[in-house]
Amino acid sequence: MQKESCIFCKIARKEVPGHIVFENEQVLAFLDLSQVTKGHTLVIPKQHADNLYDLSPEQAQDVFATIPQISRALQQETEAAGMNLLSNTGKVAGQSVSHFHLHLIPRHDKQDGFG
Ligand code: 5GP
Ligand code: ZN
């Protein structure tokens, strides 16, 4: 199910523009607006889940199955020296959008703006 008001559901429905870097039937990956480093990407299930607690095993499988391919493409494109993969659940952990997403953050050096 999708949520009418959810910004990431809107991006998945192509109602709001997103710079899409990968897509299949279940999963969408697009550049984060804030780009903490060059190539910062968000990977989401197209069907709405609020966060980690709400994610079905199938959604988890679908999303994680795309990560090696997306991270390899990002690594090549940005010539990253490393990559962070992370997810925030709950405001206290830094979640600001209530649609589950994984952050893929290419790392260039230790002073590249993240961590
Ligand atoms: P969180 O803080 O929930 O872990 O991550 C949410 C991320 O979504 C933030 O890094 C923020 O920059 C990004 N974001 C919020 N709204 C939009 C949007 O409309 N488009 C895109 N591409 N990213 C967004
Ligand atoms: Zn949503």
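Refer to the structure presented above.
These numbers come from a predicted model, not from an experiment.

Observations regarding the site of ligand 1
Inference 1: Taken together, 13 residues form the shell around ligand 1, and within it Leu-33, Ser-34, Asn-88, Ser-96 and Val-97 come nearest.
Inference 2: Partitioned by chemical class, the residues of the shell around ligand 1 number six nonpolar, six polar and one charged.

A word on the sheet that holds strand E2 (residues 27-31)
Inference 1: One open sheet holds the five strands; their spatial order is E1-E2-E3-E5-E4, and the pairing between them is antiparallel. Looking at the sheet topology across the chains shown, the edges are occupied by strand E1 (20-23) and strand E4 (82-86). Here the average twist between neighbouring strands, direction ignored, is 20 degrees.
Inference 2: Pairing analysis gives three bridges linking strand E3 (residues 41-45) to strand E5 (residues 102-107), with the strands arranged antiparallel. Pairing of Leu-42 across the sheet is with His-103, part of E5.
Inference 3: Strand contacts of helix H2 (residues 57-78): E1, E2, E3, E4 and E5, with the helix running at about 160 degrees to E3, the strand carrying the most contacts.

The rules we used
Residues numbered from 1 in each chain as written. Chains lettered and ligands numbered in written order. Predicted model: local features only at pLDDT ≥ 70, side-chain atom pairs only at ≥ 80, totals over all residues. Near = placed C-beta within 6 Å. Nonpolar A, V, L, I, M, F, W, Y, C, P; charged D, E, K, R; others polar. Pairing = 2+ DSSP bridges. Helix = DSSP H or I, 4+ residues; strand = E, 2+ residues; numbered from the N terminus. Axes fitted to C-alpha atoms, helices over the stretch in contact; angles between N-to-C directions. Contact = placed C-beta atoms within 7 Å.

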